[in-house]
Amino acid sequence: MRILLVEDEEKIASFIQRGLAEQRFTVDMAPDGEEGLYLAEINPYDLIILDLMLPKKDGISICRQLREQKNSTPILMLTARDAVKDKVSGLNAGADDYLTKPFSFSELLARVRALLRRERNEKVDQLRVGDLELNMLNQQVRRDNETITLTNKEYGLLEYLMLNANQIVTRTMISEHVWKEDFNSFTNVIDVHIRYLRNKIDKNKKKKLIHTVRGTGYILKEDN
Ligand code: CA
């Protein structure tokens, strides 16, 4: 899952970025409102964490502009003050939730997960395709009850394939949701990671789950 973090306070930004990366999210960072809006307009994020007070363009304006453009990416607003007015204007501008600073990382993570769940219309953080299970809370992956250890990128890739199980996932979609802003999708990095993933998920299994769709991308499904 790919998240945009728009926050000008470096300490808070790196604290959030580090925490989310540990939870295997892909995070793009913007230090001001203009850059934040630009990134939000050109990339399909799964979630945006948006500070209210920002240089160049404030969080409320960004939120309003994105909603006017019919961008429905969930937005979690960060407010510095515990002012009811800020929260109300944030929610009025189209934010989905807000968090008052200072907050603990676990609070933030709980809000992030709740918003992502709401977006998927699901109550659980457990994904399953055949005998392959992925727990989004602790990032544990098991196939046929055997634990599989994945790198961050392999995990991100598998999570994305599982969230879109039984649908064709193109290389462009993968590059947009699993890799960061500076990723060059013309390289064969995605195919290389798919190969690593196959080695861990499908090798020595009768039933393959990851299938290649020639010229397009991949599909994760139970039957051939
Ligand atoms: Ca700020």
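Please read all numbers here as calculations on a predicted model, not as lab measurements.

A. Region of the structure containing the coordination of the calcium ion. Each protein donor to the calcium ion is listed here as Asp8 (OD), Asp51 (OD) and Met53 (O); together their distances run 2.1 to 2.3 Å. Donor residues binding the calcium ion come from one chain and are separated in sequence as D-x42-D-x1-M. Its relative accessible area of 48% is what places Met53 among the partly exposed residues.

B. Structural detail: the packing of aromatic side chains. The tally for this structure, following the rule as stated, stands at one aromatic pair. Residues Phe15 and Phe105 carry aromatic rings whose centres are separated by 6.2 Å and whose planes lie at 80° to one another, so their mutual orientation is edge-to-face. With Phe15 in helix H1 (residues 10-22) and Phe105 in helix H5 (residues 105-120), this residue pair connects regions lying 90 residues apart in the sequence. Phe15 sits in the partly exposed class, given a relative accessible area of 34%. Residue classification places Phe105 among the buried residues on the basis of a relative accessible area of 17%.

C. How the structure looks around the sheet that holds strand S2 (residues 26-30). Spatial strand order, S2-S1-S3-S4-S5: five strands in an open sheet with parallel pairing. Both outer strands of the open sheet, S2 and strand S5 (97-100), are each paired with one neighbouring strand and no more. Each neighbouring strand pair of the sheet contributes to a mean axis angle of 20°, computed without reference to strand direction. Where strand S4 (residues 75-79) and S5 come together, four bridges link them in parallel fashion. Opposite Leu78, over in S5, you have Leu99 as the bridge partner.

D. Region of interest: the packing of helix H6 (residues 152-163) against helix H8 (residues 189-201). Closest axis-to-axis distance for the H6/H8 pair is 10 Å, and the angle between their directions is 80°. Taken together, the axes of H6 and H8 are roughly perpendicular relative to one another. From H6, Lys153, Glu154, Leu157, Leu158 and Leu161 reach across to H8, where they touch His193, Ile194, Tyr196, Leu197, Lys200 and Ile201. Within the contact of H6 with H8, the residues separate by chemical class into seven nonpolar, one polar and three charged.

Here is what the cut-offs are and how they apply
Residues numbered from 1 in each chain as written. Predicted model: local features only at pLDDT ≥ 70, side-chain atom pairs only at ≥ 80, totals over all residues. Heavy atoms only, no water. Donors = N, O, S within 2.8 Å, 3.2 Å for Na, K, Ca; no water. Buried < 20%, exposed > 50% of the residue type's maximum accessible area, 1.4 Å probe, protein only. Phe/Tyr/Trp six-rings, centres within 6.5 Å; stacked < 30°, edge-to-face > 60°. Helix = DSSP H or I, 4+ residues; strand = E, 2+ residues; numbered from the N terminus. Pairing = 2+ DSSP bridges. Axes fitted to C-alpha atoms, helices over the stretch in contact; angles between N-to-C directions. Parallel < 35°, antiparallel > 145°, perpendicular 65-115°, else oblique. Contact = heavy atoms within 4.5 Å. Nonpolar A, V, L, I, M, F, W, Y, C, P; charged D, E, K, R; others polar.

By themselves these figures say nothing about function.
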